[in-house]
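The residues making up each chain are set out below.
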Amino acid sequence: MRMFCLSCMLFPGKGKETPNKAWILNGFENWSTCSLSITGHEVSSAHVFSSIKQKIRQSSLPLIPSLTSKKKEEVFMNREIIKTLIDITLYLGRHNIAFRGHKEDRQSTLKGNFRDLCSLLSKYSPTLSNYIGQLEEMGLNKRPQYSFITCHRQNDLINSISKFIQLKIVNAIKKSKFFSISIDSTFDLSHKEQVSFIFRYIDEDTLEINERLLSLRDTPKTTGKNLFDIFKEVCKTHCLDWTNYLIGQSYDGASNMRGQYNGIQSLIIQENPLAIFVWCCSHRLNLVVSDCTSICTNAMDLFGNLERLYDFISCSKIRSSLYENNLKKLYPGEQVRRLKRVSTTRWMSHKAALDNVLKTFSAIIETLEMMCDSEVTCDNKSRSEANGFLSYLLSKRFVYTAYCFKTVLTILEPVSKILQKKDYDILSATLLLQSKYEELIQLRTDEALKKIISNADEFIENTSLEFSSLVEGRVRRKKVMCGETSRDEPLVCSNTNFRVNTFFVVIDRVTSELNRRFFDQSENNVQQIGVYKDIALMTKKRIKEVQLDSNRLPNDAFIAFCGVYGKYLKIDELKSEYLTFTKCIDAFLKTNELPTSFHDHQNNDISDDSNSDSCQENENIDDAGNENLGSLIPIFRMFMKNNLVGIFPNIYIFLKISLTLPVGSVSTERSFSKLKLIKSRLRSTMTNDRLESLMTISCEYDINIDYEEVLNLFSQTMS
């Protein structure tokens with residue numbers, strides 16, 4: 001047995017303080033002199049030095065846990081501070097408010113919205129208050145400081161939140177597998193062409209159709225080839241396999257978008273034949289309205305005078321004030337309306353301009369009559385223009401034409417609004433347009449014209465003003481050429497002239513344009529028409545027909561659809577699953593909702609069919625109360641709620657592709673509205689990366705933010 005000195009072993013000295021090797025290496029074993037040797041070693045300078053060194057080290061050991069604990073506390077406090085700053089960033093970003101101020105130094109009273117909100121919230125947050133106090137103290141002492149509220153850290157917060165939103169969108173797209181794209185461009189305030197990329201997909205968690213802004217890029221060129229290169233770059237950045245899973249694309253009518261040879265749609269189809277092009281339904285409908293408003297002289301006079309009337313009243317402070325005072329006097333307690341301009345770039349702007357003139361007609365006439373009074377104005381030009389407007393507005397030609405277009409535009413306005421909804425599928429849009437097309441055809445009757453004339457006459461009686469009658473047509477003498485045996489019968493009667501040359505002409509132009517732009521197979525892609533017909537087989541009406549008689553299923557059913565998307569579907573299996581699905585769909589519809597009674601003595605059925613039908617019908621009605629005829633969304637939700645993916649895999653893919661096909665590029669236009677709010681005159685110098693991040697936060701405000709994930713992304717920018 002040997003004995004060692006622990007202090008000397010752990011902390012050996014140097015030089016004279018080096019202990020005897022017997023106590024640290026070999027061990028002490030001379031037990032006969034044990035007491036004297038131990039006493040001599042304890043009083044030696046080497047042992048005393050080692051003991052002192054050991055005591056010093058033992059006294060310093062508690063500092064290590066305290067430093068670790070303080071470090072953890074500091075990290076926790078910083079994370080709480082960053083969470084508050086994330087809330088401030090989300091508030092400013094979602095409300096399109098500027099972050100920076102003109103001056104943000106310590107002496108400035110106003111330091112920008114971000115810093116001022118930090119100071120405001122510090123009054124109610126002890127953590128943030130302590131941090132702001134430390135920054136102010138370090139600023140007074142002029143010591144270097146690392147702050148979370150500088151302009152660079154603001155950019156890092158914005159980028160971190162935007163990156164989290166983009167990652168969540170990309171993950172949802174990959175989970176959904178199939179997606180479609182909408183692209184559009186606009187010229188911003190800083191003279192840059194901004195291109196917006198909207199992706200449409202089915203959210204597997206919420207069972208909703210989403211259209212999300214994923215990227216915003218600026219480019220000096222907007223040719224089809226250049227836009228195609230930017231699109232490929234965006235998909236590569238976010239790791240999206242567009243060559244296999246892009247199944248639809250929608251743009252406006254510009255040649256660089258829908259061009260047959262050099263448009264972006266043709267370039268995409270060359271590499272991915274699955275990406276069917278859909279010309280935006282809202283843009284096409286707007287072109288229909290624009291065409292019908294310039295088809296005849298009465299139509300051109302109506303909307304031309306409405307545009308001139310807007311300019312006449314709105315461009316003068318005196319006339320605007322007179323018009324507003326007359327509104328308050330003649331329509332007390334009602335909302336003060338403003339005249340709208342007839343703009344071809346705004347959807348259904350013709351309807352809004354016409355409605356405002358008819359609703360504030362008395363105030364407009366009162367204003368024009370006051371402008372004709374020499375005591376109010378001494379401007380001869382203004383008086384002559386006011387007289388011209390009075391002469392036109394106080395005529396039956398204006399009222400009849402206005403009510404004619406009001407009837408037509410009233411039919412088309414709900415369609416335009418519905419087509420702008422994100423969750424509207426391509427089949428529903430086609431069926432809705434078909435129903436409105438048939439409604440307009442039924443409007444081309446003498447009975448419908450008499451009803452319109454009756455409403456116009458009622459409007460004239462309610463105004464208590466004198467209106468000039470329709471002018472009788474002048475008989476034009478035309479030379480009879482050689483070989484002509486008869487003359488064209490002139491339309492001398494004013495009512496007949498209005499019926500033939502205005503009302504019927506307008507109805508014919510609207511219906512012909514609807515047919516040409518939406519239903520004419522000679523101009524639309526025949527392949528797309530076949531796909532739409534196959535999609536129609538999944539509507540509830542067609543399913544009921546096949547359910548009653550399976551032989552009613554056409555022999556060529558699903559051939560067009562599988563001809564395009566045969567990569568994912570097998571036509572024989574799809575037909576077999578479809579016939580089986582039609583037989584058992586009623587059972588699945590009954591399980592959507594709980595019945596009112598499980599034990600009904602009068603009816604032995606488990607569930608009430610009427611309740612199921614009413615529930616299904618309610619799901620087909622949108623928020624505005626318009627029935628979404630033929631929508632596939634209720635069937636898809638029923639399909640997913642009953643977990644039928646494994647039973648009918650081909651129908652599952654069929655429904656997903658059908659719902660993912662885009663209706664239009666409305667969401668791109670909606671993103672440009674946000675762009676005007678964010679990149680204003682005072683914020684025109686921001687970089688495009690910051691603009692893209694702010695656009696993402698503003699447009700996708702409904703995505704829930706995971707603070708821990710954003711904190712992790714933010715911490716990566718700090719390293």
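Keep in mind it's a predicted model, so treat the numbers as computed, not measured.

1. Focus on the nonpolar core
Core analysis: the biggest nonpolar cluster contains 77 residues, and Leu-302, Leu-309, Leu-368, Leu-393, Phe-398, Leu-419 and Val-510 have the highest contact counts within it. No other element matches the 14 residues that helix α19 (residues 396-419) contributes to this core. Those residues in contact with Leu-419 that sit more than four places away from it in its chain are Cys-281, Ser-282, Leu-285, Tyr-424, Ala-429, Leu-433, Val-663 and Val-666.

2. With respect to the pattern of salt bridges
Going through the model one piece at a time under the given rule, you end up with 29 salt bridges. Asp-229 is the partner of Lys-225 in a salt bridge, and the nearest nitrogen-oxygen pair spans 3.0 Å. Taken together, the residues span about one helical turn, with Lys-225 and Asp-229 both in helix α9 (residues 224-237) at a distance of four residues. In this structure, Lys-329 engages Glu-366 in a salt bridge whose closest nitrogen and oxygen atoms are separated by 4.0 Å. One end of the pair, Lys-329, is in helix α15 (residues 317-330); the other, Glu-366, is in helix α17 (residues 361-371), and 37 residues separate them in sequence. Salt bridges linked by common partners bring Arg-79, Glu-80, Lys-83 and Glu-708 together as one network.

3. Some points on the packing of aromatic side chains
Scanning the model with the defined rule gives 26 aromatic pairs in all. Consider the rings of Phe-178 and Tyr-568, whose centres lie 5.0 Å apart with planes at 80 degrees: the pair is edge-to-face. Pair noted here: Phe-178 is in the loop between α8 (151-176) and β1 (179-187) and Tyr-568 is in the loop between α25 (559-565) and α26 (571-590), with a separation of 390 residues, a long-range link. Both residues of the pair, Phe-178 and Tyr-568, count as buried. The rings of Phe-361, Tyr-392, Phe-398, Tyr-403, Phe-459 and Phe-467 are connected pair by pair, giving a single aromatic cluster.

4. Side note on the packing of α17 against helix α18 (residues 380-393)
Remark: α17 packs on α18, axes separated minimally by 8 Å, with the N-to-C direction vectors making an angle of 145 degrees. The element α17 and its partner α18 pack so that their crossing is left-handed. Seen from α17, the contacting residues are Phe-361, Ile-364, Ile-365, Leu-368, Glu-369 and Met-371; seen from α18, they are Ser-382, Arg-383, Ala-386, Phe-389, Leu-390 and Leu-393. Each residue belonging to the contact of α17 with α18 can be placed in one class, and the counts come to nine nonpolar, one polar and two charged.

5. Examining the sheet that holds β1
Working definition: the strands of a sheet are paired by backbone hydrogen bonds and lie parallel or antiparallel to each other. One open sheet accounts for five strands, arranged β3-β2-β1-β4-β5; its pairing is mixed. Of all strands in the sheet, those with a lone pairing partner are β3 (208-218) and β5 (276-279), marking the two edges. Adjacent strand axes in the sheet meet at a mean angle of 25 degrees, parallel and antiparallel pairs treated alike. Sheet topology note: the β1/strand β4 (residues 246-251) ladder contains four bridges and is parallel. The residue of β4 that forms the bridge with Phe-179 is Leu-246. Most of the contacts of α8 go to strand β2 (residues 193-203), to which it runs at about 50 degrees, and overall it touches β1, β2 and β3.

6. Here we look at unusual backbone geometry
Of note, the phi angle at Asn-96 is positive, near 60 degrees, even though the residue is not glycine. Unlike most non-glycine residues, Leu-207 shows phi in positive territory, near 60 degrees. Relative to the elements of secondary structure, Leu-207 occurs in the loop between β2 and β3. Among the residues examined, Leu-207 registers a relative accessible area of 13% and is labelled buried.

7. Thoughts on the confidence of the model for the protein chain
Predicted confidence across the protein chain gives a mean pLDDT of 83, with 87% of residues reaching 70 or more. Note that pLDDT drops below 50 for residues 601-629; the model gives that stretch 34 contacts with residues more than four away or on any other chain.

8. Focus on helix α12 (residues 264-271)
Looking at α12, one finds that the buried residues are Ile-264, Gln-265, Ser-266, Leu-267 and Ile-268. Where α12 is buried, its residues contact β1, α9, α10 (242-245), β4, α11 (255-258) and β5.

9. Here's the deal with the side chain of Thr-360
Note on placement: Thr-360 falls in the loop between α16 (349-359) and α17. Given a relative accessible area of 3%, Thr-360 falls into the buried group. In terms of polar contacts, Thr-360 uses its side chain to reach the side chain of Tyr-323, at 3.0 Å. Among all residues touching Thr-360, those that are not within four sequence positions of it are Tyr-323, Leu-327, Tyr-331, Arg-337 and Leu-339.

10. A few points about the packing of helix α24 (residues 540-548) against α26
Running from N to C, α24 and α26 cross one another at 110 degrees; their axes reach a closest spacing of 9 Å. Viewed along their axes, α24 and α26 adopt a mutual orientation that is roughly perpendicular. Considering the relative orientation of α24 and α26, their crossing is left-handed. Only Tyr-578, Leu-579, Phe-581, Thr-582, Lys-583, Ile-585, Asp-586 and Leu-589 of α26 make contact with α24, whose side of the interface consists of Lys-540, Arg-542, Ile-543, Lys-544, Val-546 and Gln-547. Its residues assigned to classes, the contact of α24 with α26 comprises seven nonpolar, two polar and five charged.

11. A short note on the state of the cysteines
Counted under the stated rule, the structure contains zero disulfides. A disulfide-free cysteine, Cys-281 has its sulfur positioned 6.6 Å from the sulfur of Cys-280, the nearest such atom. Judged by relative accessible area, Cys-281 falls into the buried class, the value being 3%. Of all cysteine sulfurs in the structure, the one in Cys-404 sits closest to Cys-292, which takes part in no disulfide; the separation is 9.0 Å. Assessed through its relative accessible area of 0%, Cys-292 is described here as buried.

12. Describing a nonpolar patch on the surface
Residues Val-48, Ile-52 and Ile-56 make up a contiguous nonpolar surface patch of about 260 Å² in total accessible area. Structurally, the position occupied by Val-48 is in helix α4 (residues 45-60). What makes Val-48 partly exposed here is its relative accessible area of 36%.

The rules behind these values
Residues numbered from 1 in each chain as written. Predicted model: local features only at pLDDT ≥ 70, side-chain atom pairs only at ≥ 80, totals over all residues. Heavy atoms only, no water. Core = buried A, V, L, I, M, F, W, Y, C linked by side-chain atoms within 4.5 Å. Buried < 20%, exposed > 50% of the residue type's maximum accessible area, 1.4 Å probe, protein only. Helix = DSSP H or I, 4+ residues; strand = E, 2+ residues; numbered from the N terminus. Contact = heavy atoms within 4.5 Å. Salt bridge = Lys/Arg side-chain N within 4 Å of Asp/Glu carboxyl O. Phe/Tyr/Trp six-rings, centres within 6.5 Å; stacked < 30°, edge-to-face > 60°. Axes fitted to C-alpha atoms, helices over the stretch in contact; angles between N-to-C directions. Left-handed = near helix turned anticlockwise from the far one by under 90°. Nonpolar A, V, L, I, M, F, W, Y, C, P; charged D, E, K, R; others polar. Pairing = 2+ DSSP bridges. pLDDT = per-residue confidence, 0-100. Polar contact = N/O pair within 3.5 Å; in protein donor to acceptor, adjacent residues only side chain to side chain. Parallel < 35°, antiparallel > 145°, perpendicular 65-115°, else oblique. Disulfide = S-S within 2.5 Å. Patch = residues over 30% accessible without salt bridge, like charges linked within 9 Å, V, L, I, M, F, W, Y side chains within 5 Å. Areas by Shrake-Rupley, 256 points an atom, 1.4 Å probe, with all protein chains shown as cover.

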